[in-house]
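A closer look at the structure
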Amino acid sequence: MTQNNANRVRQAEIARKTNETDIQLSFHVDGSGNSRHDTSVPFLNHMLDLFTKHGHFDLQVKAVGDIGIDDHHTVEDVGICLGLALKEALGDKAGIRRYASVFVPMDEALAQVIIDVSNRPHFEYRASYPSAQVGTFTVELVHEFLWKLALEARITLHVIVHYGQNTHHMIEAVFKALGRALDEATSIDPRVQGVPSTKGVL
């Protein structure tokens with residue numbers, strides 16, 4: 001049944017259990033920046049806090065994973081669950097702005113995130129970091145998280161890190177920009193009647 005997003009609570013809860021991870025995630029699009037994250041991956045917790053705060057979402061994540069092997073499965077599966085929750089929470093996407101492009105600086109670093117809530121999953125990533133690790137966190141997992149988020153949410157996501165010298169700052173700018181761009185793209189525009197597409201469906 002089609003519902004106008006202006007008249008529905010845009011939130012979802014996802015539970016996903018595999019032989020590698022056990023995740024419970026709750027996501028509220030129209031939140032107030034409240035977050036509670038326990039993934040056993042401290043850097044991921046930090047990035048999710050930034051994403052939630054700057055996107056004005058409410059997000060709770062409880063993840064138990066095989067981090068004795070490495071952080072890969074946990075980071076990947078949190079991205080999958082967040083994408084699934086976003087897709088479910090947005091429903092038929094009626095009334096949303098759909099597009100957003102946001103630049104965010106973090107000291108010497110500058111990141112840009114462009115989003116189309118299109119129902120066509122695509123991911124482009126342009127980033128070159130000075131280091132392969134931030135503490136114990138493997139930097140290549142940023143790509144894994146973002147790609148799985150875009151895939152499961154069925155959004156087009158372009159991420160560009162224009163420059164920077166500190167890897168932590170560069171990734172932090174990405175997650176702040178992701179929150180702000182997703183907030184803008186999913187916000188309700190009272191001028192939009194139905195879904196923002198000439199096809200009549202997203």
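Residues numbered from 1 in each chain as written. Predicted model: local features only at pLDDT ≥ 70, side-chain atom pairs only at ≥ 80, totals over all residues. Heavy atoms only, no water.

An unreviewed UniProt entry annotates the chain as Imidazoleglycerol-phosphate dehydratase originating from Paenibacillus apiarius. Note on the chain: under the UniProt heading Sequence similarities (unreviewed entry), the record states "Belongs to the imidazoleglycerol-phosphate dehydratase family." Per UniProt, the comment on the chain under Subcellular location (unreviewed entry) is "Cytoplasm". (UniProt positions renumbered as here; feature names shortened; annotations may be inferred.)

1. Examining the pairing of strand S10 (residues 156-163)
Here is the key point about a regular strand: its side chains alternate between the two faces of the sheet. Pairing analysis gives seven bridges linking strand S6 (residues 109-116) to S10, with the strands arranged antiparallel. Note on S10: the bridge partner recorded for Val113 is Val159. Pairing of strand S7 (residues 122-126) with S10 involves five bridges; the strand directions are parallel. Note that in S10 the partner of Tyr125 across the bridge is Val159. (Pairing = 2+ DSSP bridges. Helix = DSSP H or I, 4+ residues; strand = E, 2+ residues; numbered from the N terminus.)

2. Considering the pattern of salt bridges
All chains considered together, the criterion is met by eleven salt bridges. In this structure, Lys176 engages Glu172 in a salt bridge whose closest nitrogen and oxygen atoms are separated by 3.1 Å. Highlighted residues: Lys176 and Glu172, both in helix H4 (residues 167-186), separated by four residues, approximately one helical turn. For Lys176, a relative accessible area of 13% gives the class buried. (Salt bridge = Lys/Arg side-chain N within 4 Å of Asp/Glu carboxyl O. Buried < 20%, exposed > 50% of the residue type's maximum accessible area, 1.4 Å probe, protein only.)

3. Describing the side chain of Asp71
If you trace the backbone, Asp71 turns up in the loop between strand S4 (58-65) and helix H2 (72-90). In contact with Asp71, not counting residues within four places along its chain, are Val41, Thr136 and Leu141. (Contact = heavy atoms within 4.5 Å.)

4. Notes on the packing of helix H3 (residues 140-153) against H4
Two numbers describe a pair of packed helices, the interaxial angle and the distance between the axes. Running from N to C, H3 and H4 cross one another at 15°; their axes reach a closest spacing of 12 Å. Regarding the angle of H3 to H4, the classification is roughly parallel. In this structure, H3 meets H4 at a crossing whose hand is left-handed. Side by side, H3 and H4 meet where Val142, Phe145, Leu146 and Leu149 of the first sit next to Ile171, Val174, Phe175 and Leu178 of the second. Its residues assigned to classes, the contact of H3 with H4 comprises eight nonpolar, no polar and no charged. (Axes fitted to C-alpha atoms, helices over the stretch in contact; angles between N-to-C directions. Parallel < 35°, antiparallel > 145°, perpendicular 65-115°, else oblique. Left-handed = near helix turned anticlockwise from the far one by under 90°. Nonpolar A, V, L, I, M, F, W, Y, C, P; charged D, E, K, R; others polar.)

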